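# Descriptive analysis of the structure
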Amino acid sequence: MPLQQAHAPTARLPGAPRCAPAWRAPLVLLAVGLVACALMPEQLGLLTRIFITALFVLSLDLVVGVAGLATLGHAALFGTGAYAAGIFALHAFPDPLIGLGVGILAGAALAALSGAFLLRYQGFTFLMLTVAISQILLSLAQKARDWTGGDDGLAGFVMGPLLGRFEFDLEGQVAAHYALAVLVVLFYAARRVVDSPFGLAVRGIHENRARMTALGTPVFARLWVLYTVAGAIAGAAGALSAQTNAVVGMDSLSFAFSAEALVMLILGGAGRLTGALVGTAVFTLLHHTASSINPYHWLFVVGALLMLVVLVSPAKAWAWLRRRAGGAA
């Protein structure tokens, strides 16, 4: 074979998916987030909430969409990160980045400890056990009033300047850009994990656990590592929420928050990571707009949207949009 042919690039098969670089989607997210902050300076609080919630839903997508583990107790990881960052700021040191690291470690630790038990079960049993752990943590937070503030919430801490220079202002500019930066970095990290051989193995477990076991894949270890990574990202989201709001409420551990995050994920489409971002933005903006127009009946709008998602899946909607745009179906 001639040398030119031996080193010629392999042609892409017809119909084969094109793998975009892992940095492309995070870069687009950064650009969109900065433009939104510039165009809506009066809505920086709302944008900050979208960025933080999107990070939480992104962690849920790793568990539900990539690993195929149905959970309704994911808020336990978020709330643990939030309380850990708030308690650290109140009793130790109010530096935001160190507190963010504390929240990440707290979420990862809870995921690692609980996952060692939870991941031995599947299906409905796993689902109910995640709810049970979330309720146990909620009860502990209510009883440990000296540390968590109980039903009144954890408050009274003031965050120090970001990087020692940028104070958290009343307009929310620092908080919005801080949350966006953390979202972009962790989104990129999640993309690298999912696109790696490890992530492909986890997707294989999702598709056919018995076959991956027969091939010699350590199923439990793979799922445990991914669950821990998801816990770290959820803990980061919780820490951001505590730092930007300067308060941690009991609702950060609630069942309703877990269910709402699952709705956002289904709305955007599970398993693609970008669906978590889109679903969060659509649901939060719809929630904000509908409740401001009619604070008593806005849930009807959300219910109608969920019925539409059930009847027309996000995958079909995206395919229809691509056909309308002239792309491949």
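Preceding block: the structure.
Residues numbered from 1 in each chain as written. Predicted model: local features only at pLDDT ≥ 70, side-chain atom pairs only at ≥ 80, totals over all residues. Heavy atoms only, no water.

## So, the overall build of the protein chain
When its secondary structure is counted, the protein chain shows 15 helices and zero strands. Per-residue burial for the protein chain yields a buried fraction of 46% across its 329 residues. In the protein chain, the share of contacts with a sequence separation of at least 24, taken over all contacts with a separation of at least 6, comes to 76%. As presented, the protein chain carries roughly 17,100 Å² of accessible surface, and 68% of it is formed by carbon and sulfur atoms. (Helix = DSSP H or I, 4+ residues; strand = E, 2+ residues; numbered from the N terminus. Buried < 20%, exposed > 50% of the residue type's maximum accessible area, 1.4 Å probe, protein only. Contact = heavy atoms within 4.5 Å. Areas by Shrake-Rupley, 256 points an atom, 1.4 Å probe, with all protein chains shown as cover.)

## With respect to the nonpolar core
If you look at the biggest cluster of nonpolar residues, it comprises 73 residues, and the most contacted ones within it are Leu-55, Leu-62 and Tyr-227. The element contributing the most residues to this core is helix 3 (residues 44–66), with 16 residues. Excluding anything up to four places from it in sequence, Leu-62 contacts Ala-67, Val-194, Leu-226, Val-229, Ala-230, Ile-233 and Leu-273. Ranked by size, the runner-up nonpolar core spans 13 residues in total, among them Tyr-83, Ala-89, Phe-157 and Ala-242. (Core = buried A, V, L, I, M, F, W, Y, C linked by side-chain atoms within 4.5 Å.)

## With respect to the environment of Val-301
Position of Val-301 among the secondary structure elements: in helix 14 (residues 298–311). In the structure, Val-301 is positioned 15 residues away from Leu-286 in sequence and 8.3 Å away in space, judged by C-alpha atoms. Not counting residues within four places of it along the chain, the set of residues in contact with Val-301 comprises Leu-286 and Ala-290.

## Digging into the pattern of salt bridges
On inspection of all chains with the given rule, the structure shows two salt bridges. Put simply, Arg-145 and Asp-152 hold a salt bridge, and the shortest N to O gap is 3.1 Å. For Arg-145, a relative accessible area of 43% gives the class partly exposed. You can call Asp-152 exposed: its relative accessible area is 64%. The closest approach of N and O atoms between Arg-191 and Asp-195, which form a salt bridge, is 3.8 Å. In this pair, Arg-191 and Asp-195 both sit in helix 8 (residues 173–195), four residues apart, roughly one turn of the helix. A relative accessible area of 42% places Asp-195 in the partly exposed class. (Salt bridge = Lys/Arg side-chain N within 4 Å of Asp/Glu carboxyl O.)

## So, the packing of aromatic side chains
All told, the structure shown has six aromatic pairs when counted by the stated rule. Arranged with centres 4.8 Å apart and planes meeting at 15 degrees, the rings of Phe-56 and Phe-257 form a pair that is stacked. Placement of the pair is Phe-56 in helix 3 and Phe-257 in helix 12 (residues 255–268), with a sequence separation of 201 residues. For Phe-56, a relative accessible area of 0% translates into the label buried. Judged by centre distance (6.5 Å) and plane angle (75 degrees), the rings of Phe-126 and Tyr-227 are edge-to-face. Here Tyr-227 lies in helix 11 (residues 219–245) and Phe-126 lies in helix 6 (residues 123–143), a separation of 101 residues in the sequence. (Phe/Tyr/Trp six-rings, centres within 6.5 Å; stacked < 30°, edge-to-face > 60°.)

## Some words on unusual backbone geometry
Positive phi outside glycine occurs at Ala-246, with the angle close to 60 degrees. Its location among the elements puts Ala-246 in the loop between helix 11 and helix 12. Positive phi is not limited to glycine here, since Leu-273 has a value of about 70 degrees.

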